[in-house]
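Breakdown of the fold
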Amino acid sequence: EDQVTQSPEALRLQEGESSSLNCSYTVSGLRGLFWYRQDPGKGPEFLFTLYSAGEEKEKERLKATLTKKESFLHITAPKPEDSATYLCASGGGSYIPTFGRGTSLIVHP
Amino acid sequence: DTGVSQDPRHKITKRGQNVTFRCDPISEHNRLYWYRQTLGQGPEFLTYFQNEAQLEKSRLLSDRFSAERPKGSFSTLEIQRTEQGDSAMYLCASSFQDYNSPLHFGNGTRLTVT
């Protein structure tokens with residue numbers, strides 16, 4: 001059974017303080033590792049798909065990386081508007097992505 | 001592309017009543033998913049469709065839950081004889097058919113069972 005574990009559960013940063021979120025996965029035949037952002041009361045918003053170890057993708061202050069067992073979401077010089085819950089999900093042999101519990105990020109001005 | 005639309009946004013019902021939610025996916029997408037999310041948890045898979053065929057249901061899905069996707073367009077999720085434990089955010093998502101096609105979510109229906 002596919003498993004996705006995210007850490008930390010919650011993270012508080014000062015504006016400009018860079019950090020990383022972790023996503024560990026156990027999937028038979030990974031076909032994609034997805035990152036989403038979710039704001040309170042809204043559905044998850046797609047950010048990135050990573051397909052193979054060593055791959056990196058960037059969007060504004062976010063950079064996602066992938067190894068054979070983990071993915072990291074690096075946040076460089078975050079701003080208060082980056083505050084949200086960040087979810088990762090694995091796509092394996094089935095068409096059903098498995099989600100982690102998310103990391104709740106708060107960036108203080 | 002108007003995105004995934006869900007209706008209603010909020011639903012408050014009394015225990016024992018039936019409720020139905022609607023999802024309109026992105027028109028080009030042939031896969032449609034239902035997930036449930038409770039506070040502090042990630043989305044939990046319920047069921048998915050490819051076109052009008054329901055291909056898989058979660059083993060955790062009670063018989064009180066049923067979903068349809070007539071004509072492969074919009075979908076409905078019905079919960080019969082609601083229980084307080086059904087209170088959650090019900091999320092709909094759609095995608096292309098590729099294994100690695102990301103899901104695009106609507107903003108969900110928040111169900112509160114009193």
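Here is a short report on the structure shown in this document. Quick caveat: nothing in here was measured; it's all calculated off a predicted structure.

When helices and strands are counted, chain A shows zero helices and 11 strands. At 13 Å, chain A has a C-alpha radius of gyration in line with the 13 Å of a compact globule built from 109 residues. Looking at chain A as a whole, 47% of its 109 residues qualify as buried. By sequence separation, contacts in chain A at least 24 residues apart represent 54% of the contacts at least 6 residues apart. Carbon and sulfur atoms make up 47% of the accessible area of chain A, which amounts to about 5200 Å² in all. With 12 positive and 14 negative side-chain charges, chain A shows a separation of 2 Å between the mean positions of the two kinds.

Tallying the contact residues gives 22 residues for chain A and 26 residues for chain B. Summing the contributions of chain A and of chain B, the shared interface buries around 2000 Å²; its carbon and sulfur component is 58%. When the buried surface of chain A facing chain B is broken down by residue, Tyr95, Ile96 and Arg101 of chain A rank first, second and third, together holding 34% of it. The tally of links from chain A across to chain B stands at seven residue pairs in polar contact (both at pLDDT 80 or more). Sorting the residues of the side of chain A that touches chain B by element identifies β4 (32-38) and β5 (45-50) of chain A as the ones contributing at least two each. Per-element accounting of the side of chain A that touches chain B gives the leading share, three residues, to β4 of chain A. Among the residues forming the side of chain A that touches chain B, the class breakdown is 10 nonpolar, eight polar and four charged.

The subject of this paragraph is the pairing of strand β6 (residues 56-59) of chain A. All names here are of chain A. Note that β6 and strand β7 (residues 62-66) share four bridges and pair antiparallel. Bridging from a neighbouring strand, Glu58 pairs with Lys63 of β7. Following β6, the chain reverses through two residues before pairing antiparallel with β7; Glu60 in that reversal takes a positive phi of roughly 55 degrees.

Once that is clear, we can look at the sheet that holds β7 of chain A. Residues and elements named next belong to chain A. Strand order in this open sheet of five strands is β1-β3-β8-β7-β6, and the pairing throughout is antiparallel. Single-partner strands in this sheet number two, and they are β1 (3-7) and β6. For this sheet, the mean inter-axis angle between neighbouring strands, taken without regard to orientation, is 15 degrees. Pairing of β7 with strand β8 (residues 70-75), which is carried by five bridges, proceeds in the antiparallel orientation. Considered in β8, the bridge of Thr65 is made with Phe72.

Before going further, it helps to spend a moment on the state of the cysteines. One pass over the full model with this rule turns up two disulfides over all chains. A disulfide bridge connects Cys23 of chain A with Cys88 of chain A, and the sulfur atoms are separated by 1.8 Å. The sign of the 45 degrees torsion about the S-S bond sets the Cys23 of chain A-Cys88 of chain A disulfide as right-handed. Of the two residues, Cys23 of chain A is situated in strand β3 (residues 19-26) and Cys88 of chain A in strand β9 (residues 84-91); the sequence distance between them amounts to 65 residues. Its relative accessible area of 0% is what places Cys23 of chain A among the buried residues. A residue is classified by how much of its surface remains accessible, and Cys88 of chain A, at 0% relative accessible area, is buried. What pairs with Cys23 of chain B in a disulfide is Cys92 of chain B, and their sulfur atoms sit 1.9 Å apart. The sign of the S-S torsion, about -70 degrees, decides the handedness of the disulfide formed by Cys23 of chain B and Cys92 of chain B: left-handed. On the criterion of sequence distance, the pair formed by Cys23 of chain B in strand β3 (residues 19-24) and Cys92 of chain B in strand β9 (residues 88-95) is long-range, its members being 69 residues apart.

Conventions used here
- Residues numbered from 1 in each chain as written.
- Chains lettered and ligands numbered in written order.
- Predicted model: local features only at pLDDT ≥ 70, side-chain atom pairs only at ≥ 80, totals over all residues.
- Heavy atoms only, no water.
- Helix = DSSP H or I, 4+ residues; strand = E, 2+ residues; numbered from the N terminus.
- Rg over C-alpha atoms; globule rule 2.2 N^0.38 Å.
- Buried < 20%, exposed > 50% of the residue type's maximum accessible area, 1.4 Å probe, protein only.
- Contact = heavy atoms within 4.5 Å.
- Areas by Shrake-Rupley, 256 points an atom, 1.4 Å probe, with all protein chains shown as cover.
- Lys, Arg positive; Asp, Glu negative; His and termini not counted.
- Charge placed at Lys NZ, Arg CZ, Asp CG, Glu CD.
- Buried area = accessible area lost by both parts, 1.4 Å probe.
- Polar contact = N/O pair within 3.5 Å; in protein donor to acceptor, adjacent residues only side chain to side chain.
- Nonpolar A, V, L, I, M, F, W, Y, C, P; charged D, E, K, R; others polar.
- Pairing = 2+ DSSP bridges.
- Axes fitted to C-alpha atoms, helices over the stretch in contact; angles between N-to-C directions.
- Disulfide = S-S within 2.5 Å.

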